[in-house]
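# Residue-level structural notes
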Amino acid sequence: MSSSLYETSWVIDLDIKGFFDNIDHELLMKAVRYYTQEKHILLYVERWLNAPVQLADGTLKHPNGKGTPQGGLCEVSHNPPYVQCLVM
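One structure accompanies this document, and this report is about it. Predicted, not measured: the structure shown is a model, and the values here were computed from it.

Procedures and definitions
- Residues numbered from 1 in each chain as written.
- Predicted model: local features only at pLDDT ≥ 70, side-chain atom pairs only at ≥ 80, totals over all residues.
- Heavy atoms only, no water.
- Helix = DSSP H or I, 4+ residues; strand = E, 2+ residues; numbered from the N terminus.
- Buried < 20%, exposed > 50% of the residue type's maximum accessible area, 1.4 Å probe, protein only.
- Contact = heavy atoms within 4.5 Å.
- Axes fitted to C-alpha atoms, helices over the stretch in contact; angles between N-to-C directions.
- Parallel < 35°, antiparallel > 145°, perpendicular 65-115°, else oblique.
- Left-handed = near helix turned anticlockwise from the far one by under 90°.
- Nonpolar A, V, L, I, M, F, W, Y, C, P; charged D, E, K, R; others polar.
- Expected span 1.5 Å × (residues − 1).
- Arc of directions from axis to C-beta.

### Some remarks on the side chain of His 25
Examined against the element boundaries, His 25 turns out to sit in helix α2 (residues 25-35). Residue classification places His 25 among the buried residues on the basis of a relative accessible area of 7%. Leaving out residues up to four positions away in the same chain, His 25 has contacts with Leu 49, Asn 50, Pro 63, Gly 65, Lys 66 and Gly 67.

### A few points about the packing of α2 against helix α3 (residues 39-50)
Pairs of packed helices are described in terms of their axes, by the angle between the two and the distance that separates them. Orientation of α2 relative to α3, taken along the N-to-C sense of each, is 165°, at an axis distance of 11 Å. Considering their axes alone, α2 and α3 lie roughly antiparallel with respect to each other. The crossing of α2 and α3 is right-handed. Between α2 and α3, the residues in contact are His 25, Leu 28, Met 29, Val 32 and Arg 33 and Leu 42, Val 45, Glu 46, Leu 49 and Asn 50, respectively. Tallied by class, residues from the contact of α2 with α3 come to six nonpolar, two polar and two charged.

### Some words on α3
Over its twelve residues, α3 extends 16 Å from the first C-alpha to the last, a length consistent with the 16 Å expected when each residue adds 1.5 Å. Those residues of α3 that fall on the buried side of the exposure criterion are Leu 42, Val 45 and Leu 49. In an axial view of α3, the angular spread of the buried residues amounts to 70°, which keeps them on one side of the axis. For α3, the exposed residues lying more than 90 degrees away from the buried face are Lys 39, His 40, Tyr 44 and Arg 47. The inward-facing, buried residues of α3 abut α2.

Shown next, in the form of structure tokens:
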């Protein structure tokens, strides 16, 4: 390790407002297809993105082609491939 790592006294934390609310399903699937051609994985991700969410009042909210629940499949450890597609 470099000694300069121990001399740093600041950290940058970045949060993209609405990131999970605005993930485009088609773009996300394109990124997943880039990293795997396993049909069972693609099917799982696609079904997960298209699954309705039950709200507190019991009604179902159906997906509109964008957004994922925060803390779900597209949490921080999963969004680098998506972000990479955005900047390509």
